[in-house]
Amino acid sequence: MKLLNDVIENIQILETHGNLDVSISSLVINSNKIKDNSLFIAIVGNNTDGHLFIDDCISKGVKVIVYQNNLDNYIQGVTYLKVIDTKEALGIMASNFYDHPSRKLKLIGVTGTNGKTTIATLLYQLFRNLGYKVGMMGTVVNKINDKLFDTERTTPDSITLNRLLDMMVEEGCKYCFMEVSSHAVGEKRIKGLIFSGGVFTNLTLDHLDYHKTFDNYRDIKKSFFDFLPETSFALSNKNDPNGEYILKNTKAKKYFYLLKGDADFSGYLETKLIGEFNAYNALAIYGTAIALGEDEARVKEEMKKLEPVVGRFQYIKSPSNVTGIVDYAHTPDALENVLRTIGDMKGNNKVISVFGCGGDRDKTKRPIMTRIGYDMSDVVILTSDNPRTEDSATILNDMQKGIESLTQDKVLNILDRREAIAKACTIAKSGDYILLAGKGHEKYQEINGLKSYFDDMEELKKFLK
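Residues numbered from 1 in each chain as written. Predicted model: local features only at pLDDT ≥ 70, side-chain atom pairs only at ≥ 80, totals over all residues. Heavy atoms only, no water.

Peer 1: Is there a simple way to think about the pairing of strand E12 (residues 175-179) in this case?
Peer 2: Looking along a regular strand, one sees side chains alternate from face to face of the sheet. Burial analysis of E12 places five of its five residues in the buried class, the great majority of the element. The alternating pattern of E12 places Tyr175, Phe177 and Glu179 and Cys176 and Met178 on opposite faces, both of which are buried. Summarising the sheet, strand E9 (residues 134-137) and E12 pair through four bridges and their orientation is parallel. Residue pairing for E12: Gly135 is matched across the bridge by Cys176. (Buried < 20%, exposed > 50% of the residue type's maximum accessible area, 1.4 Å probe, protein only. Helix = DSSP H or I, 4+ residues; strand = E, 2+ residues; numbered from the N terminus. Pairing = 2+ DSSP bridges.)

The following block contains the structure:
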């Protein structure tokens, strides 16, 4: 139990109704997770409004309501606190409730369009190999030392985030490496956290369904670095056109990485990772370790042992010498990077690319991705990704707009992803490369709002025998 006054410390309260001298057992934003003496925060979301569930929460035992919209009535025995923005208040309250766990370890945030998962995961690997107790939060999984916890999104909600950080502190973790999505920054999920460092990977076309314009997307990423404290570090990709702009107003100590040229960290490092984009990821990992005070020679030695991340340029070879690659590439830049890497490897052999585009997401990238696949592949099989609530055929039509004026001889449209993978495996000859892009580590396909088990790598292994 926590005293309410301790939980609402540093929050601007506009109105108070009821008694502040109460204790609360938990913070909740989901009415289905109510316990006796819970505090409910009414979040205004994109699809629903928490204010609609206030009465239901009170009937389940909630003693404190934090809200931002005007209410019609106040029930006796319940404390009501009005704030300007419940999302912002939630972040601060969650940090207060769990006694500020981000201050008790070194929290490093990794943000950018591509590379977040690889960098955060391999930093976790590296620092575990260096002998530290380490936590990780990201797209694929959350980890506390060797314990695994499921993840629903790249960056969890503020309550889950602080609870996991608190558990890391309890387990003796010195570091936590966390993917920070633009949605998490925009939705203020990281409000109240103290970061010891931030890493910027790159910025390309993505999430315009949420951010509306590229400039908005860029500036949301930039705001993460704007609020880093003076005691932290900020590491940025100097090769990216926005790499220096991103750090323009940060108070943190600035570092830059670059494969070739003048930067704090440059050159190629020896790793098991494949491709130029992974060479940049390796530099970001190395730069972070050095910024955190690790020995250069030891870091370089340990980086040779790092294992590639599941679903990130993960490959197998068939008995007939066909190379199958599964990658999470779901943006134009990521797809281009992966296909360029395969192009450098393939010699005179063919590249067969299989990909779709997600439903209910940024539509502007659909024709662009198709054109990239067309230009950089010998055969293109357009299929479904996670159509979610959109019609798969409609998504495919949007993708086709990128190649309308081009010959369709090397393009196949196969809506069923399993059939598309099977077809790619059937037409591949010895020495050829098959790329399954877009889903990577995901173990499901979401169609009509329902998730069914589906694993690209499993399908690839099955059809390549």
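Peer 1: Would you mind going over the pairing of strand E19 (residues 351-355) with me for this structure?
Peer 2: Extensive coverage of E19 is indicated by the burial of five of its five residues. Examined bridge by bridge, E19 and strand E22 (residues 433-437) share four bridges and lie parallel to one another. For Ser353, the partnering residue across the bridge sits in E22 and is Leu435. Bridging between E19 and strand E20 (residues 379-382) involves four bridges; their strand directions are parallel. Within E20, the position partnered with Ser353 by the bridge is Val380.

Peer 1: Sorry, what's going on with the nonpolar core here?
Peer 2: Note on soluble globular proteins: their nonpolar side chains tend to be buried together. Core analysis: the biggest nonpolar cluster contains 38 residues, and Leu126, Phe127, Phe177, Phe265 and Met303 have the highest contact counts within it. Residue assignment for this core shows that the elements contributing at least two residues are strand E8 (106-111), helix H4 (116-129), E9, E12, strand E14 (233-237), strand E15 (253-258), helix H10 (276-291) and helix H11 (296-303). Sorting elements by how many residues they give to this core places H10 first, with nine residues. Residues Leu105, Leu107, Met168 and Ala234 belong to the second largest nonpolar core, which totals 27 residues. (Core = buried A, V, L, I, M, F, W, Y, C linked by side-chain atoms within 4.5 Å.)

Peer 1: Any chance you could explain the sheet that holds E9 here in plain terms?
Peer 2: On the basis of which strands lie adjacent, the open sheet formed by nine strands has the order E11-E10-E9-E12-E8-E13-E14-E15-E16 and mixed pairing. Edge positions in the open sheet fall to strand E11 (147-149) and strand E16 (265-266), since each of these has one partner strand only. In the packing of helix H5 (residues 158-170) onto the sheet, contacts are made with E8, E9, strand E10 (142-144), E11 and E12, and the angle to E9 comes to roughly 165 degrees. (Contact = heavy atoms within 4.5 Å. Axes fitted to C-alpha atoms, helices over the stretch in contact; angles between N-to-C directions.)

Peer 1: Looking at this structure, how should I read the pattern of salt bridges?
Peer 2: Any two side chains of opposite charge can pair, given that their charged atoms come close. For the structure shown, the criterion picks out 25 salt bridges. Between Glu307 and Lys272 there is a salt bridge, and its shortest N-O distance comes to 2.4 Å. Taken together, the positions of Glu307 in the loop between H11 and strand E17 (314-317) and Lys272 in the loop between E16 and H10 put the pair 35 residues apart, joining distant regions of the chain. For Glu307, a relative accessible area of 40% gives the class partly exposed. (Salt bridge = Lys/Arg side-chain N within 4 Å of Asp/Glu carboxyl O.)

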